[in-house]
Each structure stands twice: as C-alpha cells, then as structure tokens.
Amino acid sequence: MSEWLDDEAGPVVRPYALTRGRTRSSREGFELIAIIATAATSSFAPAGAGPEHLAILEMCVRPLSVAEVSAKMRLPLGVVRVLLGDLLEYGLIAVRRPEPDNRLPNERLLKEVLNGLQAL
Amino acid sequence: MDSKRSDPSRGAAMPLAVKILVAGGFGVGKTSMVGAVSEIKPLRTEEQLTDRSVGVDDVSGVERKTTTTVAMDFGRITIRDGLVLYLFGTPGQDRFWFMWDELALGALGAVVLADTRRLADCFPSIDYFERRRLPFIIGVNCFDGALRYDSEEIRAALDLDPKIPVILCDVRKRESGKQVLITLVEHVLAVMAERQRQQGAVVR
C-alpha cells in the first residue's frame, strides 16, 4: 500500500474535511440498506449544515438506501454516515432500519421475496 | 418557498430493504449479474479504509495513516410497494474481510459465482459463508467457449454439502440471473425449515 495516492484514489482529503475530521457517526444504525427519507425541508436546517447535508435532504425526498446516497453523492460510506448522523440529530431525516441480524429472516418475508422474483 | 415537516413513516413511503450478496472470484461476472437483474444501472459505493481497518498494527499519529479504497457494486429490485431487494457484489479482494462482515450482516443469503476454468477462485467465498452459516448456492457461469461440466462434477470438485444447489447459468441474461435468485431464496427457505427442525429436536 502506498502512502501516495494517485488520481484514481479520488478525493481523499476533502470528504473528511466535510466531516471536520470525524470518521464515525455519533449514532449507529446506518446499515448499507437502511432507508433514509427526508423528514423536513432544508429550510429547517441549522446554519451549520453544509451543501452536502442539503444535497442529501433534496435527494431523499424519495427514500433511498444509505448505499444509494453514498453512490449518488460520490462520497465514501464513512463520510455519508457522519453526514446522516448530523441530519438525524437535527431531526431532518427519518431512518427505516433493516430487520435485525440476531434472528433468521422470517418465512413470510422470504416468501414475499420469492413471489416477487417469480413475477419479474 | 413553502417549507413544512412531513411524516415519511406514513404509508409506503419508507420501504423495508433486504439484501442478497453476489460473491465469487475476480472477473467471474458479479457485476454483470447485478446489472442483468437490477431495475437500476448498477451503482458503486466506496469505503475508505485506513491501515488500521485492514488489520495492520495500529499506528498512532495521523500523518502515518494510509488509506485504501474498497468498492462495491450494487443494484435494486422492487419486490412490491414497501419491500425492496438490494443485490451487492462483494469486493474481489479477499483481504477486505472487514467489508464482507458488514455486507453479510442481515443478508438473506448469497450466490457464489464460479468459473470452471478457475474454480479455486470461489473457495474463499464458500469458506466465508460456511463459517458464517449464511445460506448460499453456487451459480456456475457458463462463459462462451468454457468447458462445460455438469453440476455433479462441480459439486464434487468443490466438496459441497449435497443439499447446496449448484446451477448452471449465464449471468449476462436477465432470465438466467432471475432463476439463480429464485433458486437461492428457495434454498434459504429450505435451510431455515431444516434449522427449525433441528432446534425443535433439541428442545424435545
């Protein structure tokens, strides 16, 4: 692994500058497939909110997964999780988390997925 | 501008999401399969790992940290209003187990794609899902011109449990990718029924 990053590595410094150096969200719960929906328009955003926060709010008017937000914002997951943590703290987004991992997926859900695939 | 707070938890606005993993060696067709069945053009999400996350000695002092990027391609299938299936291709580099753990967490199951010309490339994926007890099936991607074997020959070569389905497929084709996913979900249902029987037997 090189200490020097070439262009292909993408912007490294800037994303973490967006989070003011924070690499972890203050709250857990932003799984890859957790669904994010905007709960309030950006006019409710506090002065500290940056353009990336506002872009996420605009994007999630139609609910999207954390992975989709990261891909569409072209920001690493770690950065997106910090930004989402801010938005959740401000009360500007709602989160629907996936089923917890500590139990097996339920049969009804699996059958729904099966039926859905068969109907494709 | 009109501004208001709304309640997105009402109605079908916020779907429940589930995920299935597509694993296998480099160049075996993971992204092709995701793309063939996805309703959106596959997206790519990235995570940046510091040397700390990839298991090298902890180096205190930010100036010594190095960063590497691990990328995952994924797609989406709307099952019905309020239920969405995401398909994630696992990152090819086996050293990113950190990312695999996050991907596997809460997954319904996995498809391990195999290429008969490089069968050993899928061993790390099989080992990983066996260890995690995540149900999986083998999809043998039949590339043009590749030698064809039947599924029993491949099962023997992979030393698989006879209950694990091995199916031949062409992951560039939507219908074939769909059949692979259907076979996986049927297998997950069978594995769950089996585990429940075993648990029941222990209780009694």
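Residues numbered from 1 in each chain as written. Chains lettered and ligands numbered in written order. Predicted model: local features only at pLDDT ≥ 70, side-chain atom pairs only at ≥ 80, totals over all residues. Heavy atoms only, no water.

**Student:** Tell me about the pairing of strand 3 (residues 67–80) of chain B, residues and numbers included.
**Tutor:** Successive residues of a regular strand alternate their side chains across the two faces of the sheet. Residues and elements named next belong to chain B. Bridge analysis of strand 3 against strand 4 (residues 83–89) gives six bridges, and the strand direction is antiparallel. In the strand pairing of strand 4, G75 is matched with L87. What sits between the antiparallel neighbours strand 3 and strand 4 is a turn of two residues, in which G82 has the positive phi angle 90°. (Pairing = 2+ DSSP bridges. Helix = DSSP H or I, 4+ residues; strand = E, 2+ residues; numbered from the N terminus.)

**Student:** Could you give an account of the environment of V185 of chain B, naming the residues involved and the relevant values?
**Tutor:** Residue position: V185 of chain B is located in helix 5 (residues 174–203). Relative accessible area serves as the criterion here: at 1%, V185 of chain B is assigned to the buried category. Taking C-alpha positions, V185 of chain B is 22 Å from D159 of chain B, a pair spaced 26 residues apart along the chain. Residues within four places of V185 of chain B in sequence aside, it is in contact with L110, V113, L114 and L117 of chain A together with I20 of chain B. (Buried < 20%, exposed > 50% of the residue type's maximum accessible area, 1.4 Å probe, protein only. Contact = heavy atoms within 4.5 Å.)

**Student:** Can you lay out unusual backbone geometry for me, pointing to particular residues and giving the numbers?
**Tutor:** Unlike most non-glycine residues, R74 of chain A shows phi in positive territory, near 55°. Mapping R74 of chain A onto the fold places it in the loop between helix 3 (66–73) and helix 4 (77–89). Even without glycine at this site, D159 of chain B takes up a positive phi of about 55°. Looking at the secondary structure, you find D159 of chain B in the loop between helix 4 (151–158) and strand 7 (166–169).

Spatial relationships are all this shows, so hold off on functional conclusions.
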